[in-house]
Amino acid sequence: AECVSGCVCPEGLFDDGKGGCVEEKDCPCIHNNQWYSPGQKITVDCNTCTCQKGVWSCTEDVCYGTCMIYGSGHYITFDGKFYDFDGSCEYAATQDFCGDKNSSSSFSIITENVPCGTTGVTCSKAIKMFLGVKLKLENKDYKEIQRDIGDDVYYWNRTVGLYLIIEASNGVMLIWDKKTTVFIKLTPDYKGKVCGLCGNFDDKSNNDFTTRSGLQETNALKFGNSWKQSSMCPDVTQEIKPCDVKPHRKSWAEKECSIIRSEVFKICHSKVDPIPFYEACVHDACSCDSGGDCECFCSAVAAYAQECTKAQACVFWRTPDIC
């Protein structure tokens with residue numbers, strides 16, 4: 001992709017990748033299969049990259065962290081760890097009180113998971129935000145449940161396309177599709193200071209399975225169980241495989257979800273591994289057997305499309321026939 005000295009070009013000139021020879025300062029850059037001239041800029045997450053002599057030179061600002069919870073129990077932590085957890089209870093998705101004697105709680109976000117089919121898998125039904133004010137997002141809307149006197153955290157909301165966005169003055173943002181997908185965004189101030197199902201936001205994914213008691217766990221079920229809000233809820237003891245429970249749905253699920261691995265998303269495949277998203281899609285398409293099966297499939301594909309967009313690979317995949 002970079003400008004390289006080619007044997008067809010005279011000494012001192014470089015192959016521009018398009019059949020011409022240029023000086024090094026005029027070498028173009030490539031991104032998403034598009035060519036950019038020297039001096040052109042693109043945005044990658046919160047950073048700006050400038051084409052210089054055939055390579056991208058990028059600013060190194062620290063960006064918002066994002067955790068995604070979607071479909072029937074799929075989680076991508078702030079540090080990019082992908083795992084599944086099917087618990088039927090309320091769980092701490094993320095909070096900034098993590099047992100440190102010097103820390104005080106300014107926020108927590110709780111996800112309420114309920115069965116979303118007959119196979120036993122669960123989906124996020126409602127989200128609670130504690131910001132001093134307590135909000136509950138449910139049934140495609142949100143309401144303020146209580147407000148602490150003297151609290152100085154304020155928030156505002158807006159709707160963008162399919163999504164309801166709640167943004168708070170303490171650097172916490174929640175984006176909800178009014179169904180089973182929620183994105184939690186935190187400012188860099190929270191790096192290494194949060195805990196819960198979304199991990200600890202310290203740029204290392206290998207320690208994301210830290211339990212409520214502070215232990216490092218390797219098993220997603222033990223990790224997830226530790227973050228339940230009520231001891232009355234049963235622990236999850238085994239991973240549910242809905243395509244084994246409903247084998248007649250498997251071929252339909254694989255056929256529908258193949259769009260993730262198809263030419264439609266080709267531009268993204270080298271940037272974001274499609275395999276875990278494809279497997280999650282098949283899992284969801286098998287499990288949503290009590291209505292809403294297309295909704296589950298669409299949410300799963302949209303989750304991959306969202307990660308592609310974050311990686312600067314925009315894919316227009318929705319059609320009149322697909323979602």
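Reading the values: the criteria
Residues numbered from 1 in each chain as written. Predicted model: local features only at pLDDT ≥ 70, side-chain atom pairs only at ≥ 80, totals over all residues. Heavy atoms only, no water. Pairing = 2+ DSSP bridges. Helix = DSSP H or I, 4+ residues; strand = E, 2+ residues; numbered from the N terminus. Axes fitted to C-alpha atoms, helices over the stretch in contact; angles between N-to-C directions. Contact = heavy atoms within 4.5 Å. Core = buried A, V, L, I, M, F, W, Y, C linked by side-chain atoms within 4.5 Å. Buried < 20%, exposed > 50% of the residue type's maximum accessible area, 1.4 Å probe, protein only.

**Q** Before we go on, may I ask you to explain the sheet that holds strand 19 (residues 182-186) in this structure?
**A** By way of backbone hydrogen bonds, the strands of a sheet pair with one another, either parallel or antiparallel. Taken in spatial order, the seven strands make up an open sheet running 10-9-8-19-18-17-16, and their pairing is antiparallel. Because the sheet does not close on itself, it has two edges, and the strands there are strand 10 (82-84) and strand 16 (155-160). With strand direction ignored, the average angle separating the axes of adjacent strands in the sheet is 15°. In the sheet, strand 17 (residues 163-168) pairs with strand 18 (residues 172-176) via four bridges, with the strands oriented antiparallel. When the sheet's bridge partners are listed, Ile 165 is paired in strand 18 with Ile 175. Against the sheet, helix 5 (residues 274-287) engages strand 8 (65-70), strand 9 (74-76) and strand 10, with an angle of about 155° to strand 9.

**Q** When you look at the sheet that holds strand 6 (residues 47-52) in this model, what are you seeing that I'm missing?
**A** Here we have three strands laid out as an open sheet, ordered 5-6-7, and antiparallel in their pairing. The open sheet terminates on both sides in strands that have one partner only, identified here as strand 5 (41-44) and strand 7 (55-58). Each strand of the sheet is rotated relative to its neighbour by a mean of 35°, with strand direction disregarded. When strand 6 meets strand 7, the two strands line up antiparallel, connected through four bridges.

**Q** Would you mind going over the nonpolar core with me for this structure?
**A** The nonpolar side chains of a soluble globular protein tend to be buried with one another. The biggest cluster of nonpolar side chains holds 43 residues, and the ones touching the most others in it are Ile 109, Met 129, Leu 131, Leu 174, Ile 184 and Leu 186. For Met 129, the residues in contact, after removing those within four places along its chain, are Ser 108, Ile 109, Lys 134, Leu 135, Leu 137, Ile 166, Val 172 and Leu 174. Judged by nonpolar contacts, the second largest core, of 34 residues, contains Cys 243, Cys 257, Ala 280 and Ala 305.

The quantities given are spatial measurements derived from coordinates; they are silent on function.
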